[in-house]
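In case you want the letters, here they are:
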Amino acid sequence: MTAVAASADDLARAFDADFARPVAARAAASEDVLAIRIGGEPYALVRNELAGLFADKPVTPLPGGAPGLLGISGFRGALIPVYDLRALLGGGGGAAAPRWLVTAAGAPVALAFDRLDALLRVPREAIAARAVATTGHAPRVVRTAGEARPLLDVPSIVDAIRALARRQP
């Protein structure tokens with residue numbers, strides 16, 4: 001197994017293990033976030049808005065489809081659509097298929113992104129409203145290690161996907 005694959009497996013296990021811990025065991029004054037990159041730009045996702053994290057999962061392309069739809073993939077016995085976060089944020093599709101996928105909590109949809117930097121526990125004070133929102137899907141920012149990352153709102157992204165799906169013939 002390569003070092004990258006081992007690292008991906010370790011991060012996925014840590015992500016899943018954290019869901020197994022009782023909510024009371026998590027620090028009330030903190031928030032768990034995934035520090036990610038989309039098209040080389042730093043972003044973050046709130047862990048509680050996600051159901052799973054996957055690396056190198058095969059995605060089967062579909063003909064036609066909504067903007068940003070990469071295809072479908074199997075997750076825990078169900079086929080669900082996979083959308084490219086870069087395209088949904090207005091950046092167009094990438095040249096290479098994104099390596100990482102997260103499934104949304106409470107919605108049968110997966111979101112693809114290029115790179116996972118870390119799973120972080122940050123103090124709630126590190127999260128603030130953005131002075132100027134460049135995308136409607138990132139109304140907040142999280143400060144991590146001297147870097148400000150737009151904090152993507154997964155429910156807002158899921159709502160936008162549903163709106164796109166309703167407009168498709």
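Before any of the text, the structure's been laid out above.
Values in this document were obtained by computation on a predicted structure and should not be read as measured data. (Residues numbered from 1 in each chain as written. Predicted model: local features only at pLDDT ≥ 70, side-chain atom pairs only at ≥ 80, totals over all residues. Heavy atoms only, no water.)

Student: I'm lost on the pattern of salt bridges in this one. Help?
Tutor: Opposite charge on two side chains allows them to pair when their charged atoms are near. Scanning the model with the defined rule gives eleven salt bridges in all. Residues Asp 117 and Arg 149 are paired through a salt bridge, measuring 2.8 Å at the closest nitrogen-oxygen approach. With Asp 117 in strand β8 (residues 115-123) and Arg 149 in strand β11 (residues 147-152), this residue pair connects regions lying 32 residues apart in the sequence. What makes Arg 149 buried here is its relative accessible area of 4%. (Salt bridge = Lys/Arg side-chain N within 4 Å of Asp/Glu carboxyl O. Helix = DSSP H or I, 4+ residues; strand = E, 2+ residues; numbered from the N terminus. Buried < 20%, exposed > 50% of the residue type's maximum accessible area, 1.4 Å probe, protein only.)

Student: When you look at the packing of aromatic side chains in this model, what are you seeing that I'm missing?
Tutor: Each aromatic ring pair is described using two quantities: the centre-to-centre distance and the angle formed by the ring planes. Within the structure shown, the criterion is met by one aromatic pair. The interplanar angle of 70° and the centroid separation of 5.0 Å between the aromatic rings of Phe 54 and Phe 75 together place this pair among those described as edge-to-face. Of this pair, Phe 54 sits in strand β3 (residues 50-55) while Phe 75 sits in strand β4 (residues 69-75); the two residues are 21 residues apart in sequence, bridging distant segments of the chain. Considered together, Phe 54 and Phe 75 belong to a single accessibility category, that of buried residues. Its guanidinium or amino end placed over the ring of Phe 75, Lys 57 lies 5.1 Å from that ring's centre, counting from NZ or CZ. (Phe/Tyr/Trp six-rings, centres within 6.5 Å; stacked < 30°, edge-to-face > 60°. Lys NZ or Arg CZ within 6 Å of the ring centre and 35° of its normal.)

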